Amino acid sequence: MTVKRRTGRRPGAGDTRGEILTAARQVFAEKGFDKATIRGIARAAAVDPALVHHYFETKEGLFVAAMRLPIDPAQVVPLVLEGPREEVGERLVRFILTVTSDAQAREPVLALLRSAMTNEQVLGMIREFITNALLYKVADGLGVSHLRMEAAFGQLIGVVLARYVLALEPLASADLEELVELLAPTVQRYLTP
C-alpha cells in the first residue's frame, strides 16, 4: 500500500510563508547563497518545494525576501540591460542611487554590508548573491568581463558607503541628478568593452 502525500494547505493556522523565510535565513547563513537549495530550505521549513516556488518563484527571490533586500535580480537585470548601450552606465548609477536614497530600502542593505565586514559567513553569502545573481548576469548580458562589472559596482558601493555610512559632505547631501551626471560617464567607461 502506498501512502498518498497530502497536497494543498498545511493544517493549522501557521504562517507558512514566514516559516519558509525563517528556514531560508538559517539555511542561507549556514550554507551561503550558492550551496543553499530550494529543496533544502523546503525541508528545513517542513514544506513541499513547490510551495517555496509558489511564494518566491526562484532562489534569488527567496533570498531577496529573506534578507529584506529592496532589489530583485529578476527586475534589476532586465532594467539595466534594456535600452541603449551607451546609456547603461547612467541606468545603473540612477538605479543604485535611487534605491539607496530611500531610507527604508537602504537600511537592510547597509545592515548586511556592516554584517559582512565582521562576519565571514555573511560576507560569503552576500558575495555569492551579488556576483552570481546580479553582477555576472549583467556583465554577461553586456558582453563585458566580470572584472569590469565588479569595478563598476565597486565604484557605486563606495559612493553609497561614503554618502550614507561615512556621511561625507558634500557627497551626503548632493542632489541625485548631480551625482548621476558626475558618476555615469565613469561607470559607462567600465562597461564599454
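What counts, and at which threshold
- Residues numbered from 1 in each chain as written.
- Predicted model: local features only at pLDDT ≥ 70, side-chain atom pairs only at ≥ 80, totals over all residues.
- Heavy atoms only, no water.
- Helix = DSSP H or I, 4+ residues; strand = E, 2+ residues; numbered from the N terminus.
- Buried < 20%, exposed > 50% of the residue type's maximum accessible area, 1.4 Å probe, protein only.
- Contact = heavy atoms within 4.5 Å.
- 1 Å grid on protein atoms, 1.4 Å probe; cavity = no way out; pocket = protein on both sides within 12 Å on 5 of 7 lines; lining within 4 Å.
- Points joined across faces, edges and corners; volume = space filled by probe spheres on them.
- Nonpolar A, V, L, I, M, F, W, Y, C, P; charged D, E, K, R; others polar.
- Axes fitted to C-alpha atoms, helices over the stretch in contact; angles between N-to-C directions.

## Quick look at the overall build of the protein chain
Counting its secondary structure elements, the protein chain contains ten helices and zero strands. Along the protein chain, helices and strands appear, N-terminal first, in the series α-α-α-α-α-α-α-α-α-α. If you line up the protein chain on its principal axes, its C-alpha atoms span 70 × 35 × 25 Å. A burial count over the protein chain gives 43% of its 193 residues as buried. In the protein chain, once contacts between residues fewer than 6 apart in sequence are set aside, the share between residues at least 24 apart is 67%.

## Let's talk about empty space enclosed by the protein
Gaps left between atoms show up when a probe the size of a water molecule is rolled over them. As enumerated under the stated definition, the model contains one cavity of 30 Å³ or more in all. Taken together, 24 residues form the lining of the largest cavity, with Ile71, Ile96, Ile130, Leu134 and Phe153 sitting closest to its centre. The set of elements that each furnish at least two residues to the lining of the largest cavity consists of helix 6 (88–101), helix 7 (103–118), helix 8 (120–142) and helix 9 (146–164). With six residues, the single largest contributor to the lining of the largest cavity is helix 8. By residue class, the composition of the lining of the largest cavity is 23 nonpolar, one polar and no charged.

## Focus: the layout of surface pockets
A volume near 250 Å³ is recorded for the second largest pocket. Lining the second largest pocket are 13 residues, with Leu123, Ile126, Arg127, Ile130 and Phe153 sitting closest to its centre. Of all the secondary-structure elements, those providing two or more residues to the lining of the second largest pocket are helix 7, helix 8 and helix 9. Ranked by residues supplied to the lining of the second largest pocket, first place goes to helix 8 with six residues.

## Section: unusual backbone geometry
The phi angle of most residues is negative, glycine excepted, and most peptide bonds adopt the trans form. Of note, the bond from Glu169 into Pro170 is cis; its omega dihedral lies within 30 degrees of zero at 15°. Position of Pro170 among the secondary structure elements: in the loop between helix 9 and helix 10 (176–190). The phi dihedral of Ala46 is positive, around 60°, even though this residue is not glycine. For Ala46, the position within the fold is in the loop between helix 2 (38–45) and helix 3 (49–56). In this model, Glu57 sits at a positive phi of 65°, which is unusual for a non-glycine residue.

## Description of the packing of helix 5 (residues 73–81) against helix 6
With their axes 8 Å apart at the nearest point, helix 5 and helix 6 run at an angle of 145° to one another. In this structure, helix 5 contributes Val76, Leu79, Val80 and Leu81 to the contact, and helix 6 contributes Val88, Arg91, Leu92 and Phe95. Split by residue class, the contact of helix 5 with helix 6 holds seven nonpolar, no polar and one charged.

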